Amino acid sequence: MKTFVIYDIEEDRIRNKILETCRDYGLEHVQYSTFFGELNHNRREELKLRLKKTLGRKNGKILVFPICDKDLKLLENICNFPELPPDA
Amino acid sequence: MSSLEHPSEVFVSNYGSFLGKKSERLVLKENGQTVLEVPFYELQNIIIETSGASISTDCIKECMQRGIPISFLSSTGKPYATIVSPHLTGTVVTRRAQYEAFKDKRGVQMVKLFVEGKLKNQVNTLKYFAKYRKSADKELFNNVQSVIDKIETTAQELKEITGNCINDVRGQIMSAEGRAGNLYWQGIKLLTAGKIDFPGREHAGAADPMNSLLNYGYGILYGKVEKCLILAGLDPYAGFLHVDRSGKESLVYDFVEEFRQPVVDRVVVAMINKGIPIEMEDGQLSQKTRRDLAERIKERLDTAERFQGKKYRLQTIIQMQARRIATHLRGEARYKPYVSGW
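The sections below set out a description of the structure shown in this document. Bear in mind that the values here come from a model prediction, so they are computed numbers and not experimental data.

Quick word on the sheet that holds strand β2 (residues 17-22) of chain B
All names here are of chain B.
In step 1: If you walk across this open sheet you meet the four strands as β4-β3-β2-β6, and the pairing is mixed. The open sheet has two edge strands with one neighbour each: β4 (33-39) and β6 (54-55).
In step 2: Pairing geometry for β2 and β6, over two bridges, is parallel. Along β6, the bridge assignment pairs Phe18 with Ser54.
In step 3: With respect to the sheet, helix α1 (residues 57-65) is in contact with β2, β3 (25-30) and β6, its orientation differing from that of β2 by roughly 65°.

In structure tokens:
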């Protein structure tokens, strides 16, 4: 199922780890602190556990939410940047 | 949002490329610039087809742990090395059965089934390409039909061959296979006439476009088939029809027979009939053409075909068949060759 991962994390080191993990799971960087991609149930659970472990007790918030294709169709892309954000 | 698809197969084809590992991703660098990152999770295969590339040991280790083979192809598409894990092969029972089968009826049966599959696929490939000509070019259709009939007669002769050991019947089977092969290539020649100058099938060192395409395509297929055999616990070096020779993956050559036509020949003939430009450089396919062919073969392997009453991707069928060889040799189930539709 298509999944968004959105995070806000204070510490740079942790944030970078989260970013790397999202990439390892084949997710695509759609904007700063937002990843998107296809994950099956097991992969998503695995990712959740890893993100939880990486964040530990540090300040931050991570949202992992699956979205169905029907709702995804309603996605609106309003964008003035010519390109995707550089590696954050 | 752009494409979410990652390639399951990575081709390294530029001189000076570097393959490394970053976190849990494969990184392909060219001139120090990252050109591709693929999560190992989605990777199936790495094919290195250039000289002067390098690869890190971390990357090799990760690939081996995940069962991703790394194959090396020469510029003609001939595989010259594969890196596979030495630990994937666990099954002693299968290997013992495989070696023992060489001496008894199982080996003969196995080879007959491989060749039977090959002949049926040759017939079906000819039928597949001929069916559109039935109304357009009646004469050609009839000529191809007569070739098909002759191959079917040969297939009948093959069925009657019996023996207790493969060594006793190898000559007979090879003769039937050879005759069918000649007929088949005649048929292919008829079907590609006017589109390309096909001098007849040549194996190694061919310098004409058609044979080069076929050889390159088979090179890719060998790598696939080999991987499947290894994953099924078989020894790719111990074949039946192809005699033992050190460094020769005889079982790969035996097993590949029933997949040559549906996977490679179909793609190559279609490319030629569609008039897709085949570029040659110094007696070899150009890099662009090679890439194009590899892409099409990959697509073909991804298409679902009917098999045992269900639809499976061709790739999966090859794997299932490899497992089937193992069960057949262990005497648990009978092998049945894969026959493509037309």
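Quick word on the interface of chain B and chain A
In step 1: Between chain B and chain A, the residue contacts involve 13 residues of the former and 16 residues of the latter.
In step 2: With both sides pooled, the region where chain B packs onto chain A buries about 1200 Å², and carbon together with sulfur makes up 48% of that total.
In step 3: Applying the counting rule to chain B against chain A returns four salt bridges.
In step 4: A salt bridge links Arg50(A) to Glu24(B); the shortest N-O distance between them is 2.6 Å.
In step 5: Taken together, the connections running from chain B to chain A amount to five residue pairs in polar contact (both at pLDDT 80 or more).
In step 6: Across the side of chain B that touches chain A, the residue classes tally to four nonpolar, four polar and five charged.

Let's talk about the packing of helix α7 (residues 209-231) of chain B against helix α8 (residues 250-273) of chain B
Residue and element names in this part refer to chain B.
In step 1: Close contact between α7 and α8 brings their axes to 8 Å; oriented N to C, the two are set at 135°. Comparing their axes, α8 and α7 come out oblique. Remark: the crossing between α7 and α8 carries right-handed chirality.
In step 2: In terms of residue class, the contact of α7 with α8 is made up of 19 nonpolar, one polar and three charged.

Structural notes on the nonpolar core
Residue and element names in this part refer to chain B.
In step 1: Formed by 81 residues in total, the largest nonpolar core has its most connected members in Leu126, Ile151, Ile173, Met210, Leu229, Phe255 and Ile325.
In step 2: Taken together, the elements giving at least two residues each to this core come down to α2 (92-101), α3 (105-130), α5 (138-159), α6 (166-192), α7, α8, α9 (287-302) and α10 (314-329).
In step 3: Residue contributions to this core peak at twelve residues, all from α8.
In step 4: With residues near it in sequence (within four places) discarded, Ile173 still touches Val111, Lys112, Val115, Leu158, Ile161, Ile166 and Leu241.
In step 5: Ranked by size, the runner-up nonpolar core spans 16 residues in total, among them Leu19, Phe40, Ile48 and Cys63.

Conventions and cut-offs
- Residues numbered from 1 in each chain as written.
- Chains lettered and ligands numbered in written order.
- Predicted model: local features only at pLDDT ≥ 70, side-chain atom pairs only at ≥ 80, totals over all residues.
- Heavy atoms only, no water.
- Pairing = 2+ DSSP bridges.
- Helix = DSSP H or I, 4+ residues; strand = E, 2+ residues; numbered from the N terminus.
- Contact = heavy atoms within 4.5 Å.
- Axes fitted to C-alpha atoms, helices over the stretch in contact; angles between N-to-C directions.
- Buried area = accessible area lost by both parts, 1.4 Å probe.
- Salt bridge = Lys/Arg side-chain N within 4 Å of Asp/Glu carboxyl O.
- Polar contact = N/O pair within 3.5 Å; in protein donor to acceptor, adjacent residues only side chain to side chain.
- Nonpolar A, V, L, I, M, F, W, Y, C, P; charged D, E, K, R; others polar.
- Parallel < 35°, antiparallel > 145°, perpendicular 65-115°, else oblique.
- Left-handed = near helix turned anticlockwise from the far one by under 90°.
- Core = buried A, V, L, I, M, F, W, Y, C linked by side-chain atoms within 4.5 Å.
- Buried < 20%, exposed > 50% of the residue type's maximum accessible area, 1.4 Å probe, protein only.

Taken by themselves, the reported measurements are silent on function.
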